[in-house]
Amino acid sequence: MNKTILQKYLLIDGKNIPALARRTTTLINPATSETLAIVAEGGAEDVDAAVQSAHRAFREGPWRKLNSRERTRLLLRLATLIREHVDELALLESQNVGKPISDARDEVGTVANCFEYYAGAINKTGGSTIPVAAPGVSLTFREPIGVCGLILPWNYPLLLTSWKVAPALAMGNTVVVKPAETTPLTALRLGELALEVGVPAGVLNIVPGKGSIAGEALVRHPLVRKISFTGSTEIGSHVMRLAADDIKRVTLELGGKSANIVFADANLERALPSAASSLLGNAGQDCCARSRLLVERSIYDKFVEQLTEHFQKVKLGDPLDEKTEMGPLISMSNRQRVQSYIDVGQQEGASLLCGGKAPEVEPLAKGAYLNPTLFGNVRPEMKIAQEEIFGPMLVAIPFDAEADAVAIANNSLYGLSGSIWTRDIERALRVARAVETGVLSINSGSSVHLEAPFGGVKHSGMGRELGMAVLDHYSELKSVFIHTGN
Ligand code: NAD
């Protein structure tokens, strides 16, 4: 066997072990179509072992009972170790997902920041005393929930894992992580680093495997008290139904079709590159991608013409090349799915302004690359303006008045992210309040910040990640009344 092919195992109860059924998954580097790694593929029996281990660690282990300063120190040490392994983790992520190495490095930095943030939150959250109508006082305690099942997608494997693991552990829970079947490498490494800094065995278990088998087993497991799921709306809705049988707590971070609204008075020098980057980042495989561009009609033609030129100049290339701006998609099959939407767009009568094809020259022809694609003349009700495409394909829609822009933005099942570009602050705030979405940015493409709550409305999900808000989703408030007499 080729020596460069990694072999990875499940991480259960502090040990790297093969799957009980000895199944494996072969991971493909999407930039080269070569085999990258062979990873143990967990089944229901492996998930059971991981949940039992997490349950023991929760009930018997020291984790939830550690004093807050000790838990803080362990998470801070983990953040430091992540920083020390930035190159290794970024390389794994880049080769596994196809993302440009500079983006992968930034993501690993954010992962370390995330552990630091929640390490710092541990001794700043607690309960309260409540003046009840009785002779005594009521206290609330913030208690951990128990074993949390954390289910991840493939687009930001380590980053999104940290968004769940850090607050879950900070609140004293133990966890079983089910990474996406195709991108488990960095989560497995995170689990090893956590052991290295002294997080006790069983607190953080990682079980790669198929969603329909390992994912489903995690959601169905009676000892799992909470599921935090990030992925498609279709699977999220299924997960919620399954969790209902057992009254499990559920938070869902799902798909999006976010609007980028550009008014004629905007600073177009900033709005234009942002319209490109907020769609093409991670090759468009981003739940927050601003995949619907709404432009005021008076500037629509010029804006779209300049954006077309911008799209044509984006540098596709080897994800390991520092100069690469956009890498391949995650897989040939995702590229095929996106290409099917390009056909749909043409059938629906939208104008293909650029892209639409895979590069044919070597070495890009070997990978799952797709040229940045822009459609003009799009009507809001078209399928390409309604469905999440999850690739480098943008649809541009003109609008006439502020109310039209809001109506088009809200004509969507989704409500995750979005941006508004205007110099009129009153209008910016009016529109920001009127758009049905969980997060939004004004005169910026950046709407996700570690310190601020993140999440969706409508079919984009329920509950919040990040900020202090997520801590409510990883803890239960317990009320205790103490009788004092009058
Ligand atoms: P997916 O829904 O196919 O899979 C997500 C995870 O669920 C994977 O780990 C998968 O193995 C698991 N899964 C699949 N079937 C399951 C089942 N029956 N029971 C339990 N788990 C199961 O999504 P994906 O293709 O990995 O990711 C892309 C989607 O994720 C897009 O829709 C994107 O918008 C969404 N996403 C949302 C956010 C957010 O924060 N809102 C972030 C990233 C991605």
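Higher on the page you've got the structure.
Residues numbered from 1 in each chain as written. Predicted model: local features only at pLDDT ≥ 70, side-chain atom pairs only at ≥ 80, totals over all residues. Heavy atoms only, no water.

### Regarding the layout of surface pockets
In this approach the atoms are scanned with a rolling probe the size of a water molecule, which exposes any empty space left behind. Operational definition: Of the two site types, the cavity is a set of points on a 1 Å grid over the protein atoms alone where a 1.4 Å probe fits but cannot get out, and the pocket is an open set with protein on both sides within 12 Å along at least five of seven lines, each lined by residues with an atom within 4 Å of a point. Grid points are joined across faces, edges and corners, and a volume is the space filled by probe spheres set on the points. Helix and strand definitions follow DSSP, with helices as H or I runs of at least four residues and strands as E runs of at least two, each counted in order from the N terminus. Residues were grouped as follows: Ala, Val, Leu, Ile, Met, Phe, Trp, Tyr, Cys and Pro as nonpolar; Asp, Glu, Lys and Arg as charged; and all remaining residues, including Gly, as polar. Boundaries of every domain are those given by an automatic assignment or by a domain database.
Here the largest pocket defines a volume of roughly 1,300 Å³. Forming the boundary of the largest pocket are 48 residues, of which Pro153, Trp154, Gly231, Ser232 and Ile235 lie nearest the centre. Looking at the lining of the largest pocket, the elements that each hand over two or more residues are β4 (24-28), α7 (211-220), β11 (224-230), α8 (233-244) and α11 (332-347). Residues of the lining of the largest pocket, tallied by class, amount to 21 nonpolar, 19 polar and eight charged. In terms of domain composition, the lining of the largest pocket takes at least three residues from each of domain 1 (6-254 + 461-479) and domain 2 (259-449). Empty space within the second largest pocket amounts to approximately 1,000 Å³.

### Topic: the packing of helix α5 (residues 157-170) against helix α6 (residues 185-197)
Stated formally: Here the axes come from fitting lines to C-alpha atoms, over the contacting stretch only for helices, and the angles between their N-to-C directions go from 0 to 180 degrees. Roughly parallel means an angle under 35 degrees; roughly antiparallel means over 145; roughly perpendicular covers 65 to 115; every other angle is labelled oblique. Each crossing gets its handedness from the near helix: less than a right angle anticlockwise from the far helix is left-handed, clockwise is right-handed. The contact definition used throughout considers only heavy atoms, calling two residues in contact when any of these lie within 4.5 Å.
Relative to each other, α5 and α6 sit at 45 degrees, their axes nearing to 8 Å. It follows from the interaxial angle that α5 and α6 lie oblique. By crossing handedness, the relation of α5 to α6 is classed as right-handed. The residues of α6 that touch α5, namely those facing Pro157, Leu158 and Thr161, are Thr186, Ala187 and Leu190.

### A look at the sheet that holds strand β21 (residues 475-483)
Applied cut-off: A pair of strands is considered paired only if DSSP assigns at least 2 bridges between the two.
The strand order across the open sheet formed by three strands is β6-β7-β21, and the pairing between neighbours is antiparallel. Two strands close off the open sheet at either side, each with one partner strand: β6 (129-130) and β21. Pairing of strand β7 (residues 136-144) with β21 involves nine bridges; the strand directions are antiparallel. Within the sheet, the bridge partner assigned to Pro144 lies in β21 and is Ser475.

### Description of the packing of helix α1 (residues 44-59) against α7
Interaxial distance between α1 and α7 falls to 8 Å at its minimum, and their mutual angle equals 40 degrees. Comparing the axis directions of α1 and α7 gives the class oblique. Between α1 and α7 the crossing geometry is right-handed. The segment α1 lies against α7, with Ala44, Val47 and Val51 engaging Ile213, Ala214, Ala217 and Leu218. Here the contact of α1 with α7 is built from residues that sort into seven nonpolar, no polar and no charged.

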